[in-house]
Amino acid sequence: MQKPDPNGPSDSITLFTLTSTLTLSLFGAHITSFTVQNQERLWMSSLAVLDGSKPIRGGVPIAFPQFADEGNMKLHGFAREAMWRVESLEDSKVVLKLNAEEESKAIWGNDFELTYTVELLVDSLDLNLSVKNTNTNDKPFSFTGCLHSYFLFDETANVELNGGLEGKRYIDKCDGRKEKVQEGLGIVIPVEAKKSGEEGGREGYVDRIYLNTAGQCTFSRGGKQLYKVKQSESWPDTTLYNPWLGDKQGPMIGPDFDDDGYTKMICLEPTISKGNAVTLEVGETWEGWQRIQVEKEF
Ligand SMILES: O=P(O)(O)OC[C@H]1O[C@H](O)[C@H](O)[C@@H](O)[C@@H]1O
């Protein structure tokens, strides 16, 4: 697959409004920074590799056509490691495209068109992904995926998540994919977690796929609202992820994840998981969005 060319034209795009900025890499159509009132709002690992040799760690990766390890492809599929092209660019809006190429066809034998529209507003970000089946042989295809948004926090301990996930069923990937129900109001990220293997060592490790979710979630801490996050109903699921010091901090995650990263980031990902895979007939299009609204106080 094509990689960023260090000697070629810049692969980075910048958007701006009077109060917000965004940068995006064409490698993976990967958003690497989003600021409001001069404050960064997305977590990016200081060890992230940006030369195209692996997916970028942090920001907003796109997983397509496979969510996580729910299939035979590499984790999260190939779109986050492909070079996308610019269809149109304005000060605060960019439209990017990705079509099948020889290498992707060898992995997934389908013709497709992905369109990713990123629109920056004064205090929010609209991400809209569409998928079209452009096969010429009448063949339908199915896909899963997510927008793997890494939200930045001063400190994740005691961050609360309220709203759309309450009372929902979820698959607990930290507990053998057992299906559970989210009890009570809100999810609180614990104050302290211990290393895997110690008593209570998985306390802060969260990797859950909430099923058939909808509505708005709010991140807050100490009574202060930090982010409002909404997703379209076309993403049936929502993933909540923080590796903490759990088993995944290590070979699965790799050396590009800051040691203290888990104290600064939480992923809230509009998701299509395996059980809710989307099937498109030739010529059909699926579309899904996530809207991230930043409260002015941080
Ligand atoms: O390490 P990455 O390839 O970015 O994937 C990180 C994570 O993505 C999702 O949130 C999955 O639910 C996790 O199981 C996975 O480990």
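Residues numbered from 1 in each chain as written. Predicted model: local features only at pLDDT ≥ 70, side-chain atom pairs only at ≥ 80, totals over all residues.

**Observations concerning the overall build of the chain**
Broken down by element type, the chain carries one helix and 23 strands. Taken across its 298 residues, the chain has 41% of its residues classed as buried. When contacts within the chain are restricted to residue pairs at least 6 apart in sequence, long-range pairs at least 24 apart make up 68% of them. (Helix = DSSP H or I, 4+ residues; strand = E, 2+ residues; numbered from the N terminus. Buried ≥ 20, exposed ≤ 12 C-beta atoms within 10 Å, placed from the backbone. Contact = placed C-beta atoms within 7 Å.)

**Description of the sheet that holds strand β23 (residues 285-294)**
Spatial ordering of the open sheet is given by β6-β7-β8-β9-β23-β19-β18-β13-β16, a layout of nine strands whose pairing is antiparallel. A strand with exactly one partner marks an edge of an open sheet, and here the two such strands are β6 (85-89) and β16 (187-188). Relative to strand β9 (residues 124-133), strand β8 (residues 112-120) is paired through nine bridges, and the arrangement is antiparallel. Paired with Tyr116 across the strands is Leu129, a residue of β9. (Pairing = 2+ DSSP bridges.)

**Considerations on the UniProt feature "transmembrane region" (unreviewed entry) in the chain**
Per the UniProt entry, the sites bearing "transmembrane region" (unreviewed entry) are residues 12-36 in this numbering. Helix makes up 0% of residues 12-36 and strand 72%. Its end C-alpha atoms lie 19 Å apart. (UniProt positions renumbered as here; feature names shortened; annotations may be inferred.)

**Quick word on the site of the ligand**
Near the ligand you find twelve residues, and of these Ala68, Leu75, Asp207, Thr239 and Tyr241 are the closest. Elements supplying a minimum of two residues to the shell around the ligand: β20 (237-242) and β21 (265-272). Considering only residue class, the shell around the ligand consists of five nonpolar, three polar and four charged. (Near = placed C-beta within 6 Å. Nonpolar A, V, L, I, M, F, W, Y, C, P; charged D, E, K, R; others polar.)

**Some points on the pairing of β6**
Summarising burial for β6: zero of the five residues are buried, a small minority. Examined bridge by bridge, β6 and strand β7 (residues 93-99) share four bridges and lie antiparallel to one another. Each bridged residue has a counterpart across the sheet, and for Arg85 the counterpart in β7 is Lys97. Remark: three residues form the turn of the hairpin made by β6 and β7, two consecutive strands paired antiparallel.

**A word on the UniProt feature "active site" (unreviewed entry) in the chain**
The sites that UniProt annotates as "active site" (unreviewed entry) are His148 and Glu269. Annotated residues spanning 122 residues; largest pairwise C-alpha distance 4.9 Å, indicating a single compact cluster. You can see His148 is positioned in the loop between β11 (145-147) and β12 (150-152). Discounting residues that sit within four places of it in the chain, His148 has contacts with Val60, Pro61, Ala63, Cys267 and Glu269. Relative to the helices and strands, Glu269 is located in strand β21. Using a count of 25 C-beta atoms within 10 Å as the deciding quantity, one classes Glu269 as buried. Beyond its immediate sequence surroundings of up to four residues, Glu269 is in contact with Cys146, Leu147, His148, Ser149, Thr238, Thr239 and Tyr241.

**Comments concerning the nonpolar core**
Leu22, Leu42, Ile62, Leu114, Phe151, Met265 and Ile266 are the most contacted members of the largest nonpolar core, which has 69 residues in total. Discounting residues that sit within four places of it in the chain, Phe151 has contacts with Leu42, Trp43, Phe219, Tyr227, Met265, Ile266 and Leu268. (Core = buried A, V, L, I, M, F, W, Y, C linked by C-beta atoms within 7 Å.)

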